[in-house]
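Per-entry structural report
So you can see what is in the structure, the chains are spelled out below.
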Amino acid sequence: EDQVTQSPEALRLQEGESSSLNCSYTVSGLRGLFWYRQDPGKGPEFLFTLYSAGEEKEKERLKATLTKKESFLHITAPKPEDSATYLCAVQAGGDYKLSFGAGTTVTVRA
Amino acid sequence: NAGVTQTPKFQVLKTGQSMTLQCAQDMNHNSMYWYRQDPGMGLRLIYYSASEGTTDKGEVPNGYNVSRLNKREFSLRLESAAPSQTSVYFCASSEQNKSGYTFGSGTRLTVV
C-alpha cells in the first residue's frame, strides 16, 4: 500500500524566512509525485509534478525537488500570501489514482 | 470559467437521511474522483471513475455509492447518513496520462 508522510504538520515563518517542507513516500513503481496548495475553504490547487529522481521545478518562490525516497518543497523568502496548506501526493502502479499525505500548514507572518 | 462544479456547498443531514452530492466538469476529462478530507488525515479516495461507464472503489467506499451519469457528471450518494460521514467532500477530474487533478471547491457535510 502506498504511504505518504509529510512533515512538519505545521510551520510558522516570518516573512522572508526561507524553509523546506518534506514529503517522504513508500510506493511500488512511482509514476509521479504531485504538490498542491490548499487555501482555507477551497479545493486543492495543482502546483507541480515530478517524475524522476533529480528533477526540480520552480514557480515564483516555490521550488520542488525529488529523490528516490522523498520530495522537498522549498519556500524562498516567503510572503504572507504563501500561507496555505501544502499537500503532497503520489501516483504509482498502473492507474491514475493519487494517494495524499496529510499536509503541512504554513503560516507566514508579516 | 472551466473547471469542476460541486453542489451543494454546505449540507446538514440527520442520521439516517440520504442525499446525493453532484459533480460536473467541463474540461472533457475522462477520469473523475470523489475524496473526503478530515482533519489530520488528508484526502482519502472514496470512489473513482477511470472512464465513462466504469466505477471502482477507493480506500474508504463503505456507506457510499456513485454514478457516472455521463462523461461530465459523477455523483456520490449517501444512502443512510452516519455521523462518521461528517467531512468535506471533494470531487476532482483528470485527463489520463497527464499530470494533475482539477478539484472542485468542496461540499461541507455535517451529519447530526
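Higher on the page you've got the structure.
Attention in this report is confined to the structure presented alongside it. Numbers given for residues are sequential positions, taken from 1 along each chain in its written order. All chains are assigned letters beginning at A, and all ligands numbers beginning at 1, according to the order in which they are written. Thresholds applied to this predicted model are a pLDDT of at least 70 for local features of residues and 80 or more for the giving and counting of side-chain atom pairs; totals over whole chains, interfaces and linings are not thresholded and use all residues. Excluding hydrogens and water, the side-chain values take into account all heavy atoms of the structure.

With respect to the state of the cysteines
- Disulfides are defined as cysteine sulfur pairs within 2.5 Å. Scanning all chains against the criterion turns up 2 disulfides over all chains.
- With a sulfur-sulfur separation of 1.9 Å, Cys 23 of chain A is cross-linked through a disulfide to Cys 88 of chain A. Here the S-S torsion is close to -60 degrees, and the disulfide linking Cys 23 of chain A with Cys 88 of chain A is therefore left-handed. Taken together, the residues span a long stretch of sequence, with Cys 23 of chain A in strand E3 (residues 19-26) and Cys 88 of chain A in strand E9 (residues 84-92) at a distance of 65 residues.
- On the basis of relative accessibility, which here comes to 0%, the residue Cys 23 of chain A falls in the buried class.
- Only protein chains enter the area calculation, which uses a 1.4 Å probe; residues under 20% of their type maximum are buried, those over 50% are exposed, and those in between are partly exposed. Taking relative accessible area as the criterion, Cys 88 of chain A reaches 0% and is therefore assigned buried.
- Disulfide pairing is shown between Cys 23 of chain B and Cys 91 of chain B; the S-S distance is 1.9 Å. Think of it this way: any DSSP run of H or I at least four residues long counts as a helix, any run of E at least two long counts as a strand, and we number them from the N terminus.

Examining the interface of chain A and chain B
- In what follows, a contact means two residues having at least one pair of non-hydrogen atoms within 4.5 Å. At the junction of the two partners, chain A supplies 19 residues and chain B supplies 18 residues.
- Buried area between chain A and chain B, both sides added, is near 1400 Å², and the carbon and sulfur share of it is 57%.
- Buried area, as used here, totals the accessible surface that two parts lose on assembly, with accessibility defined by a 1.4 Å probe and the loss added over both. The three residues of chain A that bury the most area against chain B are Tyr 96, Lys 97 and Phe 100 of chain A, which together make up 37% of that side's buried surface.
- Take a side-chain nitrogen of Lys or Arg and a carboxyl oxygen of Asp or Glu: if they are within 4 Å of each other, that pair is a salt bridge. Our count for the chain A to chain B interface comes out at 0 salt bridges.
- Polar contact is defined as a pair of N or O atoms within 3.5 Å, subject to the rule that within protein one atom must be able to donate a hydrogen and the other to accept it, and that residues adjacent in sequence are counted only when both atoms are side-chain atoms. Inspection of the region where chain A meets chain B yields 4 residue pairs in polar contact (both at pLDDT 80 or more).
- Only strand E4 (30-38) and strand E5 (45-50) of chain A provide two or more residues apiece to the side of chain A that touches chain B.
- It is E4 of chain A that contributes the most residues to the side of chain A that touches chain B, 4 residues altogether.

Focus on the sheet that holds strand E1 (residues 3-7) of chain A
Residue and element names in this part refer to chain A.
- Spatial ordering of the open sheet is given by E1-E3-E8-E7-E6, a layout of 5 strands whose pairing is antiparallel. Where the open sheet ends on each side, the last strands, each with one partner, are E1 and strand E6 (56-59). Pairwise comparison of adjacent strand axes, ignoring direction, gives a mean angle of 15 degrees for this sheet.
- Two strands make a pair as long as DSSP finds a minimum of two bridges between them. Both E1 and E3 contribute to a ladder of 5 bridges, which runs antiparallel. Along E3, the bridge assignment pairs Gln 6 with Cys 23. Every axis in this analysis is a line fitted to C-alpha atoms, fitted for helices over the stretch in contact. Angles between the N-to-C directions lie between 0 and 180 degrees.

Topic: the packing of aromatic side chains
- Each Phe, Tyr or Trp ring (for Trp, its six-membered ring) is paired with any other whose centre lies within 6.5 Å, and the angle between the two planes then decides the class: stacked below 30 degrees, edge-to-face above 60, tilted in between. A complete count under the given rule lists 13 aromatic pairs over all chains for this structure.
- Ring geometry for Tyr 36 of chain A versus Phe 103 of chain B: centroids 5.6 Å apart, planes at 90 degrees, classification edge-to-face. Taken together, the positions of Tyr 36 of chain A in strand E4 and Phe 103 of chain B in strand E10 (residues 102-103) put the pair across two chains.
- Given the relative accessible area of 0%, Tyr 36 of chain A is considered buried.
- With a centroid separation of 5.9 Å and an interplanar angle of 65 degrees, the aromatic rings of Tyr 64 of chain B and Tyr 89 of chain B are classed as edge-to-face. Taken together, the positions of Tyr 64 of chain B in strand E7 (residues 64-68) and Tyr 89 of chain B in strand E9 (residues 87-94) put the pair 25 residues apart, joining distant regions of the chain.

Description of the pairing of strand E11 (residues 107-111) of chain B
Residues and elements named next belong to chain B.
- Burial along E11 is one-sided: the face carrying Thr 107, Leu 109 and Val 111 is buried and the face carrying Arg 108 and Thr 110 is not.
- By the bridge criterion, 3 bridges tie E9 to E11 in an arrangement that is antiparallel. Following the sheet pairing, Tyr 89 is matched in E11 by Thr 107.

Note that all results are geometric; they support no functional claim without further evidence.
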